[in-house]
Structures are given as C-alpha cells and as structure tokens.
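Coordinate analysis (summary)
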Amino acid sequence: MSDVIGLVLPFFGLIFIGFLVARITGQPLEALGWMNTFIVYVALPALFFQLLAKTPFEQLTEWSFIFGSVFSTYTVFSLMFAWSSLTSRGEIAQSTIKALAAAYGNIGYMGPGLALLAFGEEAAVPVALIFCFENILHFAVAPMMMALAGDDKTSPSRLMLGVLRKIVLHPFIIATALGVGAAYIGFRPPVPVERFLEYLSRAAAPCALFAMGVTLALRPLNRIPHELALIAALKLILHPLLCYVVLSWIGNFSETWMFSAVLLAALPTATNVFVIAQQYGVWVQRASASVLITTCLSVVTVTGLLYMIRHGVLPPDLFP
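None of these values were measured; they are calculated from a predicted model.

Moving on, we get to the pattern of salt bridges. Here the structure, examined in full by the defined rule, presents three salt bridges. A salt bridge links Arg 202 to Glu 198, with the shortest nitrogen-to-oxygen separation between them at 2.7 Å. Of this pair, Arg 202 and Glu 198 both sit in helix α9 (residues 191–218), four residues apart, which is roughly one turn of the helix.

Now for helix α1 (residues 2–25). End to end, α1 covers 33 Å across 24 residues, agreeing with the expected 34 Å (1.5 Å per residue, within 8%). Three or more residues of α1 are buried, namely Val 4, Leu 7, Val 8, Phe 11, Phe 12, Ile 15, Gly 18 and Ala 22. Buried residues along α1 sit in contact with α5 (111–119), α9 and α13 (284–310).

On to the nonpolar core, then. Side chains of nonpolar character tend, in soluble globular proteins, to be buried together. Among the nonpolar cores identified, the biggest contains 104 residues, and Ile 97 and Leu 306 are the most heavily contacted of them. With 14 residues, helix α6 (residues 124–149) is the single largest residue contributor to this core. In contact with Ile 97, other than residues within four places in its own chain, are Met 146, Val 273, Ile 276, Ala 277, Val 282, Trp 283 and Ala 287. Ala 53, Ala 182, Leu 197 and Leu 200 belong to the second largest nonpolar core, which has six residues in total.

Mapped onto the elements of the fold, Thr 271 is located in helix α12 (residues 271–280). Accessibility expressed as a relative area gives 16% for Thr 271, which makes it buried. If we ignore the near neighbours within four places in the chain, the residues touching Thr 271 are Asn 106, Arg 219 and Val 291.

How each quantity is defined
Residues numbered from 1 in each chain as written. Predicted model: local features only at pLDDT ≥ 70, side-chain atom pairs only at ≥ 80, totals over all residues. Heavy atoms only, no water. Salt bridge = Lys/Arg side-chain N within 4 Å of Asp/Glu carboxyl O. Helix = DSSP H or I, 4+ residues; strand = E, 2+ residues; numbered from the N terminus. Expected span 1.5 Å × (residues − 1). Buried < 20%, exposed > 50% of the residue type's maximum accessible area, 1.4 Å probe, protein only. Contact = heavy atoms within 4.5 Å. Core = buried A, V, L, I, M, F, W, Y, C linked by side-chain atoms within 4.5 Å.

Structure, rendered in structure tokens:
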C-alpha cells in the first residue's frame, strides 16, 4: 500500500496545496488566468507534442482502442441523459449538463500527470488519443444538445462553424496533430528546441494540479444536486468498470494502454462541465458542486483503483 500512497500523495497533494493556498491568500479566481493560459496553451501542448513525436506512428492509429474508450464514455452519458430526461419530463438542457457531469472526466488537467506518474511515458499516447477524440465529441455534443433544447438560437451553419473552430483551434488538439505528423515523417526537433520543450513539459502536471486545487477552493458549494450520488457512482465506478470490460472484450491492448484508459475513465467530473453550464446558464451551481464533490471522492476511488492495478487484483485483460 505504501507504493500506492507514494504515487497518489504528490498528485492529490498538489491539488490540496492549491486549495489551501487559495483559501489562505484570498486571491480572486480571475487571478488564476495567466497560469491557466500557460497550462492550456504552452505546458500541456508541449508535453503532448514531445511524447507523441517520439512514438512509432503505427501506435497512433489504434482505432479499436479509441472506439472502446469513447463508446464507454458515451454509454455513461446516454444512461444519465435518459434517466434525467425521464425524471424531468424531457428537460434537454439540464439533462445534458447532468450527463456531462457523469461522463466528462478531468482528463486534461488530471489525466496526463497521473497516468505518466503511474505508468511512465508510454501512457502519453493513449492519454493523448483519448483526450483528443473525447473532447472533439464533447465540443460537438454540448452546443448541439443546447440547440435542440432551444437555449442556443445560433443558426445551424454558425453552430457548425463554432464547433469546428473549437476543435481545430484547441491547443491540445493542435499539439497532438503536430506530434502525430512529426511521428509520421520521423521529424525530431533540434536539440535546443527539444530541451526547451522538455523544460515546459515538466511544468505541465504540477501547474495543472495546483491550478485545479485553486479552482476548487474558490468555486462556491451552494447547491448540492439530489442526483449527485448517481452522478458520482456513474463517473467514479461505472465508467471505469465499463471501460475495462469493453476494452478487454474488443482486443489485446498492452497493460499500459488498458490501465491508462481505465484510469482516465475513473477521474472525477471535469471543470469544463461547470464552464459549459455557466456558458448556457443551466444547472450552474449544481455543476460546480458535482466537480468539487466527485474530486474529493476520487481521492478514495482513484487510490483504490491504483492499489488494485499495482497489486494484481485487476488483471490487464478480463478476457485473456
């Protein structure tokens, strides 16, 4: 157990330090702006590019792996959306945010840091693939569902253009595309550029986790949704379990790829769910509560998952 504690302590410890510092200093949430800009536009893209560019190209086209991971996520999304629609008499907008809270994990800020810490640099490829393809769908699903709900009056052509812009211009997706291109043509940056990227990459995980702790500390916990128990169960338990079963059934993936996908599925609700809720003015305070509480619960669930992985309780393939 000590090895698992040694693994998760730096990870959740950074989140806690960010939380504690934000509480002590009393800085406003807006003060975090430049750090978030550095993380999203510089550090994490540098990390993704550097690791993907070194990866053999054939590893970057594992379509069955991508399908299994995305299928698991959107099965959970569909379950929560269907239940919420039935209980709210067809309220699409709120049901969409609830479904995202149950399925959209914090794979951007928490995913790379924890996966690389747990499984090494080999985990960068599955993490990047999952991040890109799941976020492409998230960027498309949220505005389309809100348009169906009647809360987004944008014309179909402008809606589609906005979705494409979010996908094409997202820094993580640009960095991943460049990394895949570099791997395809066998490009290696000059040594000074390589050192610069490595320097930036090392800052990615600590800064992202610290910023997440600050965000959690400064986000109000005013309205706890009565659906929170269901959202937490779907996000922290069913999602990783379903991902594990589906990927085991689909094919023979390496231990690192399998457990990286399961770990990302086990992560708590992404802060982007709150951002989307705020953008459309739907379920905002409850979305904030879902992010905070699932993150706190994930200290136990993610630690438990890593313990099972480290001690062989969870085999790398359910159907060998």
